[in-house]
Amino acid sequence: MNMKVREIAKILEGKVIGDEEVLITGVSGIKEAQKGDLTFIANNKYRPLLKSTKASAILVPSDINNTVDAVLIQVENPSLAFANMLNIVGPEPVVFASGIDPTAIIGKDVLIGKNVSIQPYAVIEDHAVIGDDTIIGSCVYIGHYTKIGKNCLIYPHVIIRERITMGDRVIIHPGTVIGGDGFGFATVKGVHQKIPQIGTVEIGNDVEIGSNVTIDRARFDKTYIGNGVKIDNLAQIAHNVSIGDNTIVVAQVGISGSTVIGKNVIIAGQAGITGHINIGDNSIIGGKAGVTKNIPPNTHVTGFPARDKWEDMRLQAYARRQPELAEKIKKLEERLEKTERRLKDLYGENEPENS
Amino acid sequence: MNMKVREIAKILEGKVIGDEEVLITGVSGIKEAQKGDLTFIANNKYRPLLKSTKASAILVPSDINNTVDAVLIQVENPSLAFANMLNIVGPEPVVFASGIDPTAIIGKDVLIGKNVSIQPYAVIEDHAVIGDDTIIGSCVYIGHYTKIGKNCLIYPHVIIRERITMGDRVIIHPGTVIGGDGFGFATVKGVHQKIPQIGTVEIGNDVEIGSNVTIDRARFDKTYIGNGVKIDNLAQIAHNVSIGDNTIVVAQVGISGSTVIGKNVIIAGQAGITGHINIGDNSIIGGKAGVTKNIPPNTHVTGFPARDKWEDMRLQAYARRQPELAEKIKKLEERLEKTERRLKDLYGENEPENS
Amino acid sequence: MNMKVREIAKILEGKVIGDEEVLITGVSGIKEAQKGDLTFIANNKYRPLLKSTKASAILVPSDINNTVDAVLIQVENPSLAFANMLNIVGPEPVVFASGIDPTAIIGKDVLIGKNVSIQPYAVIEDHAVIGDDTIIGSCVYIGHYTKIGKNCLIYPHVIIRERITMGDRVIIHPGTVIGGDGFGFATVKGVHQKIPQIGTVEIGNDVEIGSNVTIDRARFDKTYIGNGVKIDNLAQIAHNVSIGDNTIVVAQVGISGSTVIGKNVIIAGQAGITGHINIGDNSIIGGKAGVTKNIPPNTHVTGFPARDKWEDMRLQAYARRQPELAEKIKKLEERLEKTERRLKDLYGENEPENS
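Predicted model only: the values in this text are computed from it and were never measured.

Here's the deal with the overall build of chain A
- From N to C terminus, chain A includes 4 helices and 40 strands.
- Here chain A has a C-alpha radius of gyration of 29 Å; the compact-globule value for 355 residues is 20 Å, and the former is much larger.
- Counting only C-alpha atoms, chain A reaches 105 × 75 × 30 Å along its principal axes.
- Taken across its 355 residues, chain A has 53% of its residues classed as buried.

Regarding the interface of chain C and chain A
- In this assembly, 58 residues from chain C lie in contact with 57 residues from chain A.
- Those elements that provide at least two residues to the side of chain C that touches chain A are β21 (177-180), β22 (185-188), β23 (191-194), α4 (309-320) and α5 (322-347) of chain C.
- For the side of chain C that touches chain A, the leading source of residues is α5(C), giving 12 residues.

A short note on the sheet that holds strand β25 (residues 208-209) of chain A
- Pairing in this open sheet of 12 strands is mixed, and the strands run β8-β11-β14-β17-β20-β25-β28-β31-β34-β37-β39-β40 (chain A) from one edge to the other. Lying at the two open borders of the sheet, with one neighbouring strand each, are β8 (99-100) and β40 (307-308) of chain A.

Section: the interface of chain A and chain B
- Listed as interface residues are 59 residues of chain A and, on the opposing side, 57 residues of chain B.
- Only β21 (177-180), β22 (185-188), β23 (191-194) and α4 (309-347) of chain A provide two or more residues apiece to the side of chain A that touches chain B.
- Element by element, the count of residues in the side of chain A that touches chain B is highest for α4(A), at 18 residues.
- For the side of chain A that touches chain B, the per-class residue count stands at 28 nonpolar, 18 polar and 13 charged.

Notes on the relation of the copies chain C and chain A
- Between chain C and chain A, the superposition needs a rotation of 120° and an axial shift of 0.0 Å, giving an RMSD of 0.1 Å. Overall, the copies show the geometry of a three-fold rotation axis.

Some details on the domain arrangement of chain A
- What the domain assignment reports for chain A is domain 1 (3-89), domain 2 (99-308) and domain 3 (321-355).
- Computed over C-alpha atoms, the centres of domain 1 of chain A and domain 3 of chain A are 68 Å apart.

Description of the pairing of β22(C)
Residues and elements named next belong to chain C.
- Bridge count between β22 and β23: 4 bridges; the pairing is antiparallel. Bridge pairing links Phe-185 to Lys-194 in β23.
- With antiparallel pairing between neighbouring strands as the criterion, β22 and β23 make up a hairpin whose turn holds 2 residues, including Lys-189 at a positive phi of roughly 50°.

Concerning the sheet that holds strand β4 (residues 26-27) of chain A
Residues and elements named next belong to chain A.
- Spatially, β2-β7-β6-β5-β4 is the arrangement adopted by the 5 strands of the open sheet, whose pairing is mixed. Every other strand in the sheet has two partners, leaving β2 (15-17) and β4 as the edge strands with one partner each.
- The sheet contact formed by strand β6 (residues 57-60) and strand β7 (residues 71-74) spans 4 bridges and is parallel. Residue pairing across strands places Ala-57 opposite Val-71, the latter belonging to β7.
- Those strands touched by helix α1 (residues 5-12) are β2, β5 (37-40), β6 and β7, and its axis lies near 15° from that of β7.

What to know about the environment of C:Phe220
- On the secondary structure map, C:Phe220 appears in the loop between β26 (214-216) and β27 (222-225).
- Assessed through the 27 C-beta atoms surrounding it within 10 Å, C:Phe220 is described here as buried.
- Between the C-alpha atoms of C:Phe220 and C:Gly199, which are 21 residues apart in sequence, the distance is 3.7 Å.
- Here C:Phe220 is in contact with A:Val27, A:Ser28, A:Gly29, A:Leu86, C:Ile198 and C:Gly199, once residues within four sequence places are set aside.

What to know about unusual backbone geometry
- At the junction of B:Phe304 and B:Pro305, the peptide bond is cis and its omega measures out at 0° in the coordinates.
- Positionally, B:Pro305 belongs in the loop between β39 (300-302) and β40 (307-308).
- Of note in the backbone geometry, A:Asp109 takes a positive phi value of approximately 55° without being a glycine.
- Secondary-structure assignment places A:Asp109 in the loop between β9 (105-106) and β10 (111-112).
- Positive phi values are uncommon outside glycine, yet B:Lys288 reaches one of about 65°.
- Along the chain, the position of B:Lys288 falls in the loop between β37 (284-285) and β38 (290-291).
- Judged by C-beta crowding, with 30 C-beta atoms within 10 Å, B:Lys288 ranks as buried.

Quick notes on the rules
- Residues numbered from 1 in each chain as written.
- Chains lettered and ligands numbered in written order.
- Predicted model: local features only at pLDDT ≥ 70, side-chain atom pairs only at ≥ 80, totals over all residues.
- Helix = DSSP H or I, 4+ residues; strand = E, 2+ residues; numbered from the N terminus.
- Rg over C-alpha atoms; globule rule 2.2 N^0.38 Å.
- Buried ≥ 20, exposed ≤ 12 C-beta atoms within 10 Å, placed from the backbone.
- Contact = placed C-beta atoms within 7 Å.
- Pairing = 2+ DSSP bridges.
- Nonpolar A, V, L, I, M, F, W, Y, C, P; charged D, E, K, R; others polar.
- Least-squares fit on C-alpha atoms with pLDDT ≥ 70 in both.
- Domains from an automatic or database assignment.
- Axes fitted to C-alpha atoms, helices over the stretch in contact; angles between N-to-C directions.

What follows is the structure, encoded as structure tokens:
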């Protein structure tokens, strides 16, 4: 990489504060950056590093205009602008040439679009459909009648069982299992009898699903993942769950059966949501929260059991005050005892009858 | 599907309340049901939907006999009855023809029963045993000397290491790893030296294990999964754990090393159980609970640290009352101060000596 | 197995208390041990079993010298000594002969060291490097330009994406995914746009990683796993995390993006650590703890939100005392009311003006 700040600012439609002629030779995080590097500020925690970073140029939001050693490039969204630079200067992405590897096993009546890449040892069962420009990684399993959209990237070792449908531009990372049986049993005299899970999973467009995620098929009907949903590694989505458009599910989250999640919700890492409830649009569920009942839209809940964030903080603060309050109670008891004794002294033997 | 309520009731041995001649053309959940659908009531949360559902017939337990628009079919266990209907009217299940795919790799001295299906790219190591009527999915790995029972269904990409044994009618979903090394190290001068994990895993009959589960092999002896145990996705069963018959382990549960779980226990989602303890028969461990000590039989524990459910609810209720109690303490302090002042006024200078 | 206590003590450099001529025919845990077995005491919980075990000989630390029925063999580290015995008397380990299976797919310009074993259906992409004496299990995927060190054991179905590097003697258990994209999006008008994750993962020497773990590649730069780190099953290590030497990460732990973990840290099961924070050397993070801020070195934190262990225990103890404290408040109120009434009786109509 060898670009002047001026050239970078032009590509990113940014405004330069400082010397436009500075030469940029690399990209890096703000902590690790060295002379010659372009970096950026996205997380407020890192703002103090504006002064100490060794980077030569920093992408900043338009409200930052301090004079620092590094040249600033003001842009609307520094994360996104930096991402665009990464695409330009990053290492060559791995290319999987189109075509079907001779070791891939393709069933009967499989429909394969144009410009599809099917890597070694992939297994595609009868009646599956693979859309144009999609990449199927090595050892991927695509079940019977499953439909994969266009321009999808299915990484190695993804397992997608029968009768699943997904839209276009879906990315699925390795080891993820889609369409495993829902966990449903009817217990008869102590023995758990399997309830057939004859439903499916429907995944929208522009969905990204991390590594080793599990999304179960519905008992009947479908488990639903809306357009633009992003799911992180090791999350569990149970049968008949529905997730609205553009919702974010962070790593190791668990969502129990038949729960309905709204649009634009953020569910932070390791949170758990019980079954058969509704989470309203634009809600935020804190990390490790345990949600046990419906959450209205536009609500931020935290803790276990999850409650309104401010209420949770208030109760946490009171919990920290417990030792102090216990001490106050002890002192009150001592003072009251003293007061009672004095009062008795005053009454002497003439204790009132009604007390 | 095209059946009259009368015919369905006959198959399910149910009692009809309403018009037996109503035509049923599909099955569905109670919320999504349309005219012509058969549905059922299992979860009490959905009882209010009896009146609003568009379903034409509803499987109900025998204590429900309200007159609603839909015809009712009283059965002993509506979930199970509905499951039976799903088996009759659901989509054709995927069939894996028996036989060994030519791409499957079968080691030396492997014993393969009658009517076994071994799918593409499965690898079965030397001395393994596969029981009659068992299906081994594509890319499954079966280690040396491992024994799989009869009528098992091992989904694609399951990894079962060496010297594991399992019973009959076991179902294992994709991506699950059985027999990985237990997590055992002896730390000598800050360096963690591996303790060999030479034990095995023994799995009973009629066990079902979800997707991307991990069950570690024992240090010595065995990790044990009893008959009829059902384990959901992404659960972690550490080395030397023992799980009693018909116990249910929900998604993302973690059970630490050498812990012994009784029979008919229910461990809800994301619960964690520390190592070297005992969980009694018929116990229930709540979702996200953190169990740190032995649990007697027939006990319902919740929370972190896990305690008796009612005690936990009581403490939660008191935690919510903290602000109110703090307010009471403040008022007591004010009142007592006032009382003390008045008392001092009464005493005047004649303060008693002993106070 | 057929060895005298004397012979075992010689191998383990232990000191015998009791009859050196006792014959040992097997090894076992202290609970399951039978006559003829050698066992050991590592966990203090099991010390009471010294008297009741049926074992014929017990490896003990040097501070145990009680006379019991079994012969004692004092050693420095009973766990490690027992581990050494297991290596001697355990079942033959599975051997994977060196050589490249004809079904393995090896890309262009792959460098393969001496004495390497590459099992069936492994896929190794262009420009990868595999060190001497390393075993690559069946169906393993090694991405472009990835470098695996010497003497590594990569179990079946491990997926390692492009440009990852790892040191020597690394063990990775089945189903683990290394180098999946970090979970990074820039949200523009409600739509989450992918931030390219062009960094890598660097893994040191002597690292062991469990089954179905996920370790994401960095946004840029690298996700770092230090020498001697041990990671248990189903853990999640997000992008740009750095883990210091000899740190232990127990099952189902989640570490969020850009967090820096020190050396010799222990992170117990199901703990979660937020992003962009520092965990000091030698710290201990309790099971299920939720760490939300920096932790200084040598600190033991527990609970959610995680705090100093003793402070957490103190607050837990006060939480349990809440019902008692509420009762005290109620009694104080009653007593104070009584006192106020009496005082009023004394004052009669002559209420002081200033009250």
